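For reference, the chains in residue letters:
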Amino acid sequence: MNTAETLYEKLKNVESGTSGPYTLERCRRMAPLVDEINRLKKAQNAVILVHSYVHPEITCGVGDFTGDSYQLSKDAKATTADVIVFVAVRFMAETAKALNPDKEVRIPSRLNGCSLADCITGADVRRLKAEHPGFAFVCYINTSAEVKAECDVCVTSSNVYDIVQRIPSDRIYFLPDKLMGENVQDEMKRRGVAKDIRLYEGNCYVHAEYDAERVRRLRARHPGLKILSHPECCREIIAQSDFVASTSGLMDYMRADRTGSAYLLLTECGLAARAQMELPGKVFIGPCFECKYMKSNTLEDVRRVLASPEPEDIVEISPEVRAGALRCIDNMFKYAEQVKD
Ligand code: 13P
Ligand code: SF4
């Protein structure tokens, strides 16, 4: 099979969100670009890390590793490539840079945002620390390197509950996602863990869109429907969910589930698109919302950062910020590995 046919075989079932539909003709138009990116990648000893939310032609056409924030951080830590192209959002690329100061990390998106990472600065954290003496500061990985440098440990959606339970402090300031923080409070109660957990006022504008009442109506209308959610959704949705996990955790769940149930997948549309590529036959009910930041990455952007990167495509962090952010990220790996023991 040539590149166009290979792409079409992988992409033809994608219906979720606005990326599709993928016709053979569209795949023929994309194929030369995909071939060029793969040539450039090899020539530069580059690795392309891709979050599941980006356009599916990037995941299946040029990506080397696709995963959630935690898995991609581990992939970034382990790579022997000289160049890392991080097709996602800026905070993920900054994490890769903190882990790899001697490698060049490039980010294709020029939008460079995330509604969570953009809602808090290092100065905000310094003020909050002064107002909350004796509290451990736990940040979601969806924060800038500058914010991580001010915090004790970061977490991802795949390890947040276990790490908050494990850290040896019963007073925790969790930032910046208030909805995830409320889910942490509920989960600690469920586990019988008594901790005073204070929260910041941020949220993810994509996951905050999902409405608990609508979820109830869809469940009533579709008997047997399984509700799968990301922990950035509100607590009323989490309470009705059959399974709650990071994007990779949700993929693993669907991969293992043989019940034939339809899913209401309450996360960014890209995950259903990925499932339609990798797990054809799964049925999805209901709406999904797209992240404009993740979707701002295009194949043309990936080629640009490989062929002729400009200064704004290359992630830089000052040595002081890097040292602080790395301590925070390394603490996450330390607690996350303990969780597995
Ligand atoms: P995951 O780590 O679960 O992939 O989540 C990242 C994210 O940005 C969710 O909105
Ligand atoms: Fe940020 Fe939300 Fe987009 Fe994830 S989906 S990158 S949390 S804005």
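All of these numbers come straight from a predicted model, not from anything done at the bench.

How each quantity is defined
Residues take numbers from 1 onward in each chain, read along the sequence in its written order. Chains and ligands are labelled by the order in which they are written, letters from A for the one and numbers from 1 for the other. Local features in this predicted model are restricted to residues whose pLDDT is 70 or higher, and side-chain atom pairs enter the listing and the counts only when it is 80 or higher, whereas totals over whole chains, interfaces and linings include all residues. No hydrogens and no water enter the side-chain calculation; it runs on all heavy atoms of the structure. Stacked, tilted and edge-to-face are the three classes applied to pairs of Phe, Tyr and Trp rings, where Trp contributes its six-membered ring and a pair requires centres within 6.5 Å; stacked means planes under 30 degrees apart, edge-to-face means over 60, and tilted covers the rest. Each helix is a run of H or I in the DSSP string that is no shorter than four residues. Each strand is a run of E no shorter than two, and both are numbered from the N terminus. Relative accessibility decides the category of a residue: with a 1.4 Å probe and only protein chains considered, values under 20% of the type maximum give buried, values over 50% give exposed, and everything between is partly exposed. The contact criterion used is simple: two residues touch if any of their non-hydrogen atoms lie within 4.5 Å. In this text, near means that some heavy atom of the residue lies within 4 Å of the molecule or strand in question. For the purposes of these results, a polar contact is taken to be a pair of N or O atoms within 3.5 Å, where, inside protein, one atom must be able to donate a hydrogen and its partner to accept one; residues adjacent in sequence count only when each atom of the pair is a side-chain atom. Under the convention used here, a 1.4 Å probe and the Shrake-Rupley method define accessible areas, while residue burial counts only the protein chains that appear. A cavity here means a set of points on a 1 Å grid, drawn over the protein atoms and nothing else, where a 1.4 Å probe fits but cannot get out; a pocket is an open set with protein on both sides within 12 Å along at least five of seven lines, and a residue lines either one if it has an atom within 4 Å of a point. Here the criterion for a molecule occupying a pocket or cavity is that more than half of its atoms lie within 2 Å of the pocket grid points. Under the grouping applied here, Gly and all other residues not named as nonpolar or charged are polar, the nonpolar ones being Ala, Val, Leu, Ile, Met, Phe, Trp, Tyr, Cys and Pro and the charged ones Asp, Glu, Lys and Arg. For two strands to be treated as a pair, DSSP must find at least two bridges joining them. Note on geometry: axes are C-alpha line fits, over the in-contact stretch for helices, and angles between N-to-C directions span 0 to 180 degrees.

What am I meant to see in the packing of aromatic side chains here?
Describing an aromatic ring pair means giving the distance of the ring centres and the angle of the ring planes. All told, the structure shown has six aromatic pairs when counted by the stated rule. Arranged with centres 5.7 Å apart and planes meeting at 45°, the rings of Tyr70 and Phe333 form a pair that is tilted. Note that Tyr70 is positioned in helix α4 (residues 69-78) and Phe333 in helix α15 (residues 319-340), a separation of 263 residues in sequence. Taken as a pair, Tyr70 and Phe333 share a single burial class, namely buried.

Help me out: how do you make sense of helix α12 (residues 247-256) in this one?
Within an α-helix, residues lying three or four positions from one another point in the same direction, as the helix has 3.6 residues per turn. Considered for burial, the residues of α12 that qualify are Thr247, Ser248, Gly249, Leu250, Met251 and Met254. Elements in contact with the buried residues of α12: β1 (46-51), β2 (65-67), β9 (226-229), β10 (243-244), β11 (263-266) and α13 (269-278).

Help me out: how do you make sense of the site of ligand 1 in this one?
Surrounding ligand 1, one finds His51, Tyr53, Asp68, Ser69, Asn142, Ser157, His207, His230, Glu232, Ser246 and Thr247. One nitrogen or oxygen atom from the side chain of Asn142 is found 3.2 Å from an oxygen atom belonging to ligand 1. Interatomic distance of 2.8 Å between a side-chain N/O atom of His230 and an oxygen atom of ligand 1. Here ligand 1, which alone exposes 300 Å², has 95% of that area covered by the protein. Most atoms of ligand 1, that is more than half of them, are within 2 Å of grid points of the largest cavity. For the shell around ligand 1, the per-class residue count stands at one nonpolar, eight polar and two charged.

Just checking my understanding: could you explain the sheet that holds β10 for this structure?
Each strand in a sheet pairs with its neighbour through backbone hydrogen bonds, running either in the same direction (parallel) or in the opposite one (antiparallel). Here we have three strands laid out as an open sheet, ordered β10-β9-β11, and parallel in their pairing. Two strands lie at the open edges of the sheet, namely β10 and β11, each paired on one side alone. Bridging between β9 and β10 involves two bridges; their strand directions are parallel. Bridging from a neighbouring strand, Ser229 pairs with Val244 of β10. On the sheet, α12 packs against β9, β10 and β11 and is oriented at approximately 155° with respect to β9.

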